Structure formats: C-alpha cells, structure tokens
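# Secondary and tertiary structure notes
Okay, here's what each chain looks like letter by letter:
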Amino acid sequence: MIELKKVTKKFDTGKAILTAVDEVDLSIADGEIFGIIGYSGAGKSTLIRLLNGLEKPTSGTVEINGQMITAIKGGELRKARQKVSMIFQHFNLLWSRTVKENIEFPLEIAGVAKSQRGKRVQELIELVGLAGRENAYPSELSGGQKQRVGIARALANDPEVLLCDEATSALDPETTDAILDLLVDINKRLGLTIVLITHEMHVIRKICHRVAVMEGGRVVELGDVLTVFQSPQAEITKRFVAQVADSKDSRETIKNLRELYPTGELVKLVFLGEQTEKPLLTKLIRSHSVDVNIVQGNISHTQRGAYGTLILQLKGSPAEIEEALAFLRAEDIQAEVMQND
Ligand SMILES: Nc1ncnc2c1ncn2[C@@H]1O[C@H](COP(=O)(O)OP(=O)(O)OP(=O)(O)O)[C@@H](O)[C@H]1O
C-alpha cells in the first residue's frame, strides 16, 4: 500500500518559489495499476520522484508498505528504494553492455552471488519475452525490445512497486500495446503494484484500474477508470477523455450527423460493464412506440470492464422521445440528446 498524505513539493527557482506538487493525498492499494495523467508541468514527474525517495517533500508524508520513506535516510533509504523500481521513457540502458549484462547489473549492485545471477537473468529474459536476444547490445534492439530490457532490469530484485515514467511515449502504437500487455501480465503474475505517469489517456484506458488527474500540482480528479471515462467531472478530465473518444463527439461531427438524420432526436448513450451485454434496445423497441435507428456505436475495453457509446436516432412525438429517454435512464444508462449548437 502506498499512502501519500498532504504531500507538497516546492522548488526555489531563484526568482520564485514554485509549487510542483500541492497537498496531494493518495492511497494506492497493493496489486493495483494506478495511472497519473496530466499535461506537461502538472507535477507528475515530481510526484513519481517523491514515491521512489529521489525527492523529499517540503511537507507531508510518503509511506510505502508500512515504511515512512520520508523519515528514513542512508542505507535504510537505499534498501527501501530497492523495493520500488522504475522504467523510463528513454529506457536508460547501459549501451556498452548486452541485454543479459544490463539485466544482471542491479543484481550485481545488490550483491547477489555470480552463481545465482545467471539463473535469475534467464528467468527474467523469459518473462519479458526476450529469449534469443541475450547477447545483443541495446543499439541492436527495437524500441519495444529495449523497454523489455528495462522492465526485466526493473524486476531483477523483486520489487513491490514498479513506477513507469512515460514508459511507452517513445514507442509506436503497436509496440505500445505489446508493452502495456506485458505490464498487465506482470501485474497479474507477480501481484506487483504499478504506478504509471502518462499524458496519454489511451494508456490509462488500456491498463489502469484507477486514475488520478493532475493539474497545477494538484489531483483534480480521482476515480475508477470506468467511472472517469463514463462521467469525467473536471474540465481537464473531459479533455483527456475526448482524446480517446471518437471524433463523433466533436461539434463538426454532430452537425454532419444532424444533416444525415434531420428528423427526430439524436441521442448518445453511454453504458458500462454488464450493461453492454443487456438487450436494452430490444426492450426499448418492444415497450415504446418510438422508431429507433442505430447511427453509430463502439465498445472500449478497460481492465475494469467494457464501456460503450451508441448514437441513436429516435423518431416520435416529443412525449414519446421523453418516455424512451426516461426508460433508458431508469436502466442506469446515460442518455443525452446531442445538441448541435
Ligand atoms: N528541480 C526542479 N527545480 C525547479 N523546478 C522544478 C524542478 N523539477 C520540476 N520543476 C517544476 O515543477 C513543475 C512540475 O514539473 P514536473 O516535471 O513534475 O511536471 P510533469 O507533469 O512531469 O511534466 P513533464 O511531463 O513535462 O515532465 C514544473 O513547473 C517544473 O518546471
């Protein structure tokens, strides 16, 4: 369990005092994949550096698995930091060492006997899917393979927490997906807690259980990924969600849809989890006299289940349309008439 209480970090830039992290309270459960999203300058990197003890908070406390890392120093802090590992956007590999030697490095530092290191390195190589590349140098690897080395190296000393600092931002979409799948696999297999920072909402959607949205050093929204995607509260969260929503939501598209379907109302439905499997439209059509046309739809999958959006054209009298909307809302579906103003 990671617990941040009223954590503030200020920097003296010479000209002014800058508050990079501002009174952040956060509780991250064991085995959770927790995402922190924010634009550049929001304070994500500072926050992650506070988690691994590289920065000391100006005030507040950071506790990791019962250990108050803000209160320890020297050897004790070094030991605690071994339990918190990290992977980076630009991999931070040792270029003059092979894959095997890169992964072995943290074991050497931790004083693991040479006789035991080889077996552990081989296990890690298998775990991250790099078998056959043991003797390659980083310059001979693709971006995805380099990050696999980063992950293996981070796991070498059996950490309890893995911090990921924009770990897929330098990778193409396909490789990003493969690395994110690997992180989910490791989370499940090893029960490892993963905290990742990113500015990309699709990363949050694909692998996180919960998400914190940061702006100006503060956590402005925190919640379960499905809930946040379904009903983002803060303006900035809405912008992040729009990043991955289909262009359907844009004003231009709504206008185009209205031109294509000029009669009745266009209604956007958002449904979650098990709702995606219910025959709600059948029920609606059977029990109401509105005409229903499916205009567009899609389902997205998260670690917490699926969520979907569907755009319908409802044709009928205003009262009939109202009744249909009331029926959908009674089924806990978000149903919103799309206005093109
Ligand atoms: N060592 C430092 N000294 C002075 N200011 C700092 C220092 N580290 C961070 N800052 C400032 O703190 C604020 C938050 O920075 P931080 O790097 O944590 O944000 P971020 O969300 O990670 O953004 P990015 O993705 O661009 O790194 C920024 O205004 C940054 O300039």
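Reading guide: rules and limits
Residues numbered from 1 in each chain as written. Predicted model: local features only at pLDDT ≥ 70, side-chain atom pairs only at ≥ 80, totals over all residues. Heavy atoms only, no water. Domains from an automatic or database assignment. Contact = heavy atoms within 4.5 Å. Buried area = accessible area lost by both parts, 1.4 Å probe. Helix = DSSP H or I, 4+ residues; strand = E, 2+ residues; numbered from the N terminus. Buried < 20%, exposed > 50% of the residue type's maximum accessible area, 1.4 Å probe, protein only. Disulfide = S-S within 2.5 Å. Core = buried A, V, L, I, M, F, W, Y, C linked by side-chain atoms within 4.5 Å. Axes fitted to C-alpha atoms, helices over the stretch in contact; angles between N-to-C directions. Left-handed = near helix turned anticlockwise from the far one by under 90°. Salt bridge = Lys/Arg side-chain N within 4 Å of Asp/Glu carboxyl O. Near = heavy atom within 4 Å. Polar contact = N/O pair within 3.5 Å; in protein donor to acceptor, adjacent residues only side chain to side chain. Areas by Shrake-Rupley, 256 points an atom, 1.4 Å probe, with all protein chains shown as cover. Nonpolar A, V, L, I, M, F, W, Y, C, P; charged D, E, K, R; others polar.

### Here we look at the domain arrangement of the protein
- When its domains are assigned, the protein resolves into domain 1 (2-244) and domain 2 (248-337).
- Of note, the centres of domain 1 and domain 2, computed from C-alpha atoms alone, are 38 Å apart.
- Contact residues are listed per partner, giving 15 residues for domain 1 and 12 residues for domain 2.
- Approximately 1,100 Å² of surface area, both sides summed, lies buried where domain 1 meets domain 2, with 55% of it carried by carbon and sulfur atoms.

### Topic: the side chain of Thr 168
- Considering the arrangement of structural elements, one finds Thr 168 in the loop between strand E7 (161-165) and helix H6 (173-190).
- A relative accessible area of 4% places Thr 168 in the buried class.
- Residues within four places of Thr 168 in sequence aside, it is in contact with Thr 176, Ile 179, Leu 180, Glu 200 and Val 203.

### So, helix H1 (residues 44-51)
- Burial analysis of H1 places 6 of its 8 residues in the buried class, the great majority of the element.
- Looking only at H1, the buried set comprises Lys 44, Thr 46, Leu 47, Ile 48, Leu 50 and Leu 51.
- Just past H1, the residue Gly 53 takes up positive phi, approximately 75°.

### Let's talk about the state of the cysteines
- With the rule as written, the count across this model stands at 0 disulfides.
- You can see Cys 164 has no disulfide; the closest cysteine sulfur is in Cys 208, sitting 9.0 Å from it.

### A short note on the nonpolar core
- One finds Ile 151, Leu 183, Met 201 and Ile 204 to be the most contacted residues of the largest nonpolar core, which totals 53 residues.
- With sequence-adjacent residues up to four places away left out, Ile 204 is seen in contact with Gly 35, Ile 36, Ile 37, Leu 196, Thr 198, Val 211, Val 225 and Phe 229.
- Core analysis: the next-biggest nonpolar cluster, separate from the first, contains 28 residues, Val 7, Ile 48, Ile 69 and Ala 212 among them.

### Points about the environment of Val 121
- Tracing the backbone shows Val 121 in helix H4 (residues 114-127).
- The spacing of Val 121 and Ile 103 is 18 residues in sequence and 6.3 Å in space, taken between C-alpha atoms.
- Those residues in contact with Val 121 that sit more than four places away from it in its chain are Lys 100, Ile 103, Glu 104 and Leu 107.

### Re the packing of helix H11 (residues 280-287) against helix H12 (residues 318-330)
- With their axes 11 Å apart at the nearest point, H11 and H12 run at an angle of 145° to one another. With respect to the hand of their crossing, H11 and H12 are arranged in right-handed fashion. On H12, the residues that touch Leu 280, Lys 283, Leu 284 and Ser 287 of H11 are Ala 324, Phe 327 and Leu 328.

### So, the pattern of salt bridges
- Applying the stated criterion across every chain, the model contains 17 salt bridges.
- One salt bridge connects Glu 55 with Lys 9, and the closest N-O pair in it is separated by 3.6 Å. Of this pair, Glu 55 sits in the loop between H1 and strand E4 (59-64) while Lys 9 sits in strand E1 (residues 2-12); the two residues are 46 residues apart in sequence, bridging distant segments of the chain.
- A salt bridge links Glu 32 to Arg 210, with the shortest nitrogen-to-oxygen separation between them at 2.4 Å. Of this pair, Glu 32 sits in the loop between strand E2 (17-28) and strand E3 (33-37) while Arg 210 sits in strand E9 (residues 210-215), and the two are 178 residues apart along the sequence.

### Some thoughts on the site of the ligand
- Every residue near the ligand is listed here: Phe 11, Leu 18, Ala 20, Tyr 39, Ser 40, Gly 41, Ala 42, Gly 43, Lys 44, Ser 45 and Thr 46.
- Residue Gly 43 places a main-chain N or O atom 2.9 Å away from an oxygen atom belonging to the ligand.
- Within the side chain of Ser 45, an N or O atom sits 2.5 Å from an oxygen atom of the ligand.
- Considered on its own, the ligand offers 620 Å² of accessible surface; in the complex 60% of this is hidden by protein.
- Of all elements in the fold, only E2 and H1 reach the threshold of two or more residues within the shell around the ligand.
- Class assignment of the residues belonging to the shell around the ligand gives a composition of 5 nonpolar, 5 polar and 1 charged.

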